[in-house]
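One-letter residues, chain by chain:
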Amino acid sequence: MSKYLDLSLEEIHALLVKKEITPLTLVEEALSRIKEQEELNAFITINDKAKEIAQNLGEVEEDNLFFGIPIAIKDNIMTKDLRTTCASRMLENFIPIYDASVIEKIKEKKMIIIGKTNMDEFAMGSTSKTSFFGPPKNPVDKTKIAGGSSGGSASCVGADLVPFALGSDTGGSIRQPASYTGIVGMKPTYGRISRYGLVAFASSLDQIGPMTRNVYENALLLNLLVGHDAKDLTSAKKEEEDFTRKIGIPVKGMKIAVPKYFLSDIVKPIIRERIEEVIAFLKKEGLSVDIVDMKYLDHAVTLYQIIAMGEASSNLARFDGVRYGFRASDVKTVDEMYKKTRQLGFGDEVKRRIMVGSYLLSGKNAKIYYDKALSIRDDMKKEFDNVFASYDLILGPTTTTEAYSLEEDMSDPLKSFLDDVLVIPVNMAGLPSLNIPIGKTKENLPFGMQIIGNSFEEATIYQLASFLEGGIKDGRI
Ligand code: GLN
């Protein structure tokens, strides 16, 4: 059995250039790994054209590292002629007629989409258990969740089925599953990557981002995804940049803040202790690390629920049985058709959020709840701005625990939000944040740390992340 996909991107590329392997070799290897690990349920759809695409890619482009490299795509990102379900019965048979802007970029670079990954229905959840297709599993221990909502993307990268995946992060959905599966996942600055073709959940928060096996390759993939897009009004007008450019530059003298909240007893002791070890290492290496007080952090989940559910209820109004996907049969009137379609097409969690969100936005409630939440969110952003006036980066754990059992009772809908208390503040403030793996429990389950940067400071995040990744790899931390 070949092991080309375990090599670094540069090594794979060199073999392609030397014609020792072809893109087809890589696609076949990925497909056979996916088949072997079918039990993970990481994919909803496999691209049955992947081999054909690989055979027709043409001459290897020597200056294009991504040429012929397989990538997995979260199933809420539109792929032309390839089923895109959002893990919902509503879109079970939906085949988009256009590509998301990120997919156009991926295809331009001649990457090969191997399949669409499993997720929470419409990205609503923290376990991927709300998927209509059953949950993906954690590759480290298949009795555990892979996290959510980008659980399938985390599962397939964590299991080394593919080196690259895309996820989306509205309230932690890239970083939390990355933490649970021991991979690297970036939620970029809001506006950094076009949302055109990402099925909208909460439009003021949603961001696509790269999920990879190491920091360097994460930065490389981000290079490919960014750029202004006239089709997304919130897309930032930024010059192209190389996100790897600071990797290797000494980090000595950097100023790091660690919010007290991130070290409080909501975080499991083993994770807190490991963060303390990272802090001690950084101090020894000549960085300054201060514990800071940030009083808005623990309000983030409350704000998130109001903003995300309100926006979701409005965004999901378009799924009415007329324009897309599923349509209920045996109905007498159009009104009945709408109702039955939505009743049967959506799962419980999605319906719950639409109902709560509709309530929050109706009549006077919009002012009382949504507008108020937006204004507190501004205060929260200002609190982050204050910290970044004196510090380069903020550190903390990504999750309060390691991945838990797939069987765990999640009937209390508020419980799963507790998984997200550490990741959601970043979405509220629109900031970039990266998960890197930092340790494992006695049962060998991974957990991660997040490095948060000021807006558009992804390159600085990668600089520190790569330094820490090196320190962990060679046992200095
Ligand atoms: N877990 C959060 C939720 O259920 C975040 C989901 C996401 O980031 N897509 O809403």
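Refer to the structure printed above.
What counts and how
- Residues numbered from 1 in each chain as written.
- Predicted model: local features only at pLDDT ≥ 70, side-chain atom pairs only at ≥ 80, totals over all residues.
- Heavy atoms only, no water.
- Pairing = 2+ DSSP bridges.
- Helix = DSSP H or I, 4+ residues; strand = E, 2+ residues; numbered from the N terminus.
- Axes fitted to C-alpha atoms, helices over the stretch in contact; angles between N-to-C directions.
- Near = heavy atom within 4 Å.
- Polar contact = N/O pair within 3.5 Å; in protein donor to acceptor, adjacent residues only side chain to side chain.
- Areas by Shrake-Rupley, 256 points an atom, 1.4 Å probe, with all protein chains shown as cover.
- Nonpolar A, V, L, I, M, F, W, Y, C, P; charged D, E, K, R; others polar.
- Patch = residues over 30% accessible without salt bridge, like charges linked within 9 Å, V, L, I, M, F, W, Y side chains within 5 Å.
- Salt bridge = Lys/Arg side-chain N within 4 Å of Asp/Glu carboxyl O.
- Buried < 20%, exposed > 50% of the residue type's maximum accessible area, 1.4 Å probe, protein only.
- Right-handed = clockwise from strand over helix to strand, strands pointing away.
- Phe/Tyr/Trp six-rings, centres within 6.5 Å; stacked < 30°, edge-to-face > 60°.
- Lys NZ or Arg CZ within 6 Å of the ring centre and 35° of its normal.
- Core = buried A, V, L, I, M, F, W, Y, C linked by side-chain atoms within 4.5 Å.
- Contact = heavy atoms within 4.5 Å.

Whenever strands of a sheet pair, they do so through backbone hydrogen bonds, lying parallel or antiparallel. If you trace the 11 strands from one edge of the open sheet to the other, you get S1-S3-S2-S4-S6-S5-S10-S11-S9-S7-S8, paired in mixed fashion. Both outer strands of the open sheet, strand S1 (43–46) and strand S8 (288–292), are each paired with one neighbouring strand and no more. Here the average twist between neighbouring strands, direction ignored, is 30°. Bridge count for strand S7 (residues 255–259) against S8 is five bridges, and the pairing is parallel. Along S8, the bridge assignment pairs Ile256 with Val289.

Moving on to the site of the ligand. Neighbouring residues of the ligand: 15 residues in total, closest Gly171, Ser173, Tyr304, Arg353 and Asp420. A distance of 2.8 Å separates a nitrogen atom of the ligand from a polar atom in the backbone of Ala123. Gly171 has a polar backbone atom sitting 2.6 Å from an oxygen atom of the ligand. With the chains in place, 100% of the 290 Å² that the ligand exposes on its own is no longer accessible. When its residues are assigned to classes, the shell around the ligand shows five nonpolar, seven polar and three charged.

Together, Val322, Val334 and Tyr338 line one region of the surface with nonpolar side chains, adding up to about 260 Å² of accessible area. Within the secondary structure, Val322 sits in the loop between helix H9 (300–315) and helix H10 (334–345). Classification of Val322 by relative accessible area gives partly exposed; the value is 43%.

So, on to the pairing of strand S9 (residues 393–397). Most of S9 sits out of view: five of its five residues are buried. Bridge count for S7 against S9 is two bridges, and the pairing is parallel. Bridging from a neighbouring strand, Ile256 pairs with Leu393 of S9.

The next point concerns the pairing of strand S2 (residues 70–74). Taking burial as the measure, the five residues of S2 include five buried ones, the bulk of the element. Burial of the side chains of S2 extends over both faces: Pro70, Ala72 and Lys74 are buried on one face and Ile71 and Ile73 on the other. Summarising the sheet, S2 and strand S3 (residues 112–117) pair through five bridges and their orientation is parallel. Looking across to S3, one finds that Ala72 is bridged to Gly115. Crossover connection from S2 via helix H4 (residues 101–108) to parallel S3: handedness right-handed.

Moving on, we come to the packing of aromatic side chains. Tallied over the full model, the rule gives 12 aromatic pairs. Measuring from ring centre to ring centre gives 6.4 Å for Tyr261 and Phe262, while their planes differ by 40°; the resulting arrangement is tilted. We classify Tyr261 as buried; its relative accessible area is 18%. Linked through ring pairs, Phe94, Phe122, Phe319, Tyr324 and Phe346 together constitute an aromatic cluster. Directly above the aromatic system of Tyr391 lies the positively charged group of Lys255, at a separation of 5.6 Å from the ring centroid.

Right, let's get into the pattern of salt bridges. One pass over the structure, following the stated rule, counts 29 salt bridges. Note that Glu61 is salt-bridged to Lys110, the shortest N-O span being 3.0 Å. Placement of the pair is Glu61 in the loop between helix H3 (50–55) and S2 and Lys110 in the loop between H4 and S3, with a sequence separation of 49 residues. The exposure class assigned to Glu61 is partly exposed, which follows from its relative accessible area of 27%. A residue is classified by how much of its surface remains accessible, and Lys110, at 24% relative accessible area, is partly exposed. Close ionic contact of Lys381 with Asp385 constitutes a salt bridge, the shortest N to O distance being 2.8 Å. Taken as a pair, Lys381 and Asp385 lie in helix H12 (residues 365–390) at a separation of four residues, close to a single helical turn. On the basis of relative accessibility, which here comes to 23%, the residue Lys381 falls in the partly exposed class.

Moving on: the nonpolar core. One finds Ile114, Phe122, Leu166, Ile436, Ile451, Leu464 and Leu468 to be the most contacted residues of the largest nonpolar core, which totals 146 residues. When neighbours within four sequence positions are excluded, Ile114 is seen to be in contact with Val27, Ala30, Leu31, Ile34, Phe43, Ile46, Asn47, Ala50, Pro70, Ile71, Ala72 and Val162. Core analysis: the second largest hydrophobic core is formed by five residues, Ile145, Tyr180, Tyr404 and Leu406 among them.

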